[in-house]
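Architecture and fold: a report
Now for the letters of each chain:
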Amino acid sequence: MHHPRPDPVGPGQESVWSYPRPPSAEVTPRRIEVVLGGRVVARTDRAVRVCETSHPPVYYVPRDDVLPGVLEPAAGSSWCEFKGTATYWDAVLDGVRHAAVAWSYEAPTAGYEHLRGAVAFYPGRVEAATVDGERVRPQVGDFYGGWITDEVVGPFKGEPGSRWW
């Protein structure tokens, strides 16, 4: 199995290779916003930031901070060895359905209970996602939903050749 060499870390940056496994999950006061259909559909300063080895952080937004009536359950589910079964969510705005833009853990496993009632948006499936005003770059790969900002360095899981990391 190939293990990548972490990218150099500059001032004010952190390496995803210093993140723990199992992942950490901590409430952050950073301003998180998600834009879809030309509107801010989620805005919070009480997201849960999840950090896992080799992955950019993921921000879970309390559902109370998502525009009411936008999210509808989507088909399918997946399983995380740490957090449990994931539920997927579509967003419906002005009659337009945006498929599988977010996921959640409705019954998270022990240690991740504070994810209950929060959703994580895929930055690559919305118009924009920001952390403290900085536009997020999506993590490569159809499955991953990491939020890449200038403060994190990789290489990141999902990039070509990373399947077995």
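Read on for an overview of the structure.

About the cut-offs
Residues numbered from 1 in each chain as written. Predicted model: local features only at pLDDT ≥ 70, side-chain atom pairs only at ≥ 80, totals over all residues. Heavy atoms only, no water. Helix = DSSP H or I, 4+ residues; strand = E, 2+ residues; numbered from the N terminus. Rg over C-alpha atoms; globule rule 2.2 N^0.38 Å. Areas by Shrake-Rupley, 256 points an atom, 1.4 Å probe, with all protein chains shown as cover. Pairing = 2+ DSSP bridges. Salt bridge = Lys/Arg side-chain N within 4 Å of Asp/Glu carboxyl O. Buried < 20%, exposed > 50% of the residue type's maximum accessible area, 1.4 Å probe, protein only.

1. Quick notes on the overall build of the chain
Within the chain, the secondary structure is distributed over zero helices and 15 strands. For 165 residues, the compact-globule formula gives about 15 Å, and the C-alpha radius of gyration of the chain, at 15 Å, lands near that figure. Each of the three principal axes of the chain carries a C-alpha extent, and together these read 45 × 30 × 30 Å. Here the chain has roughly 8300 Å² of accessible surface; of this, 53% comes from carbon and sulfur atoms.

2. With respect to the sheet that holds strand β3 (residues 32–36)
Read across the open sheet, the four strands follow the order β4-β3-β11-β12; overall the sheet is antiparallel. Since the sheet does not close on itself, it has two edges, and those belong to β4 (39–44) and β12 (134–135), each with one partner. Pairing geometry for β3 and β4, over five bridges, is antiparallel. Within β4, the position partnered with Ile32 by the bridge is Thr44.

3. Examining the pattern of salt bridges
Proximity of charged atoms lets side chains of opposite charge pair with each other. Under the defined criterion, the tally for this structure stands at 14 salt bridges. The partner of Arg30 in a salt bridge is Asp132, with the nearest N and O atoms 2.9 Å apart. Here Arg30 is found in the loop between β2 (24–28) and β3, whereas its partner Asp132 is found in the loop between β11 (128–131) and β12, with 102 residues between them in sequence. When its relative accessible area of 44% is taken as the criterion, Asp132 is described as partly exposed. Note that Arg63 and Glu106 form a salt bridge whose closest N and O atoms lie 2.8 Å from each other. In this pair, Arg63 is assigned in the loop between β6 (58–62) and β7 (71–80) and Glu106 in the loop between β9 (96–104) and β10 (118–121), connecting sequence segments 43 residues apart. Since its relative accessible area comes to 23%, Arg63 is described here as partly exposed.

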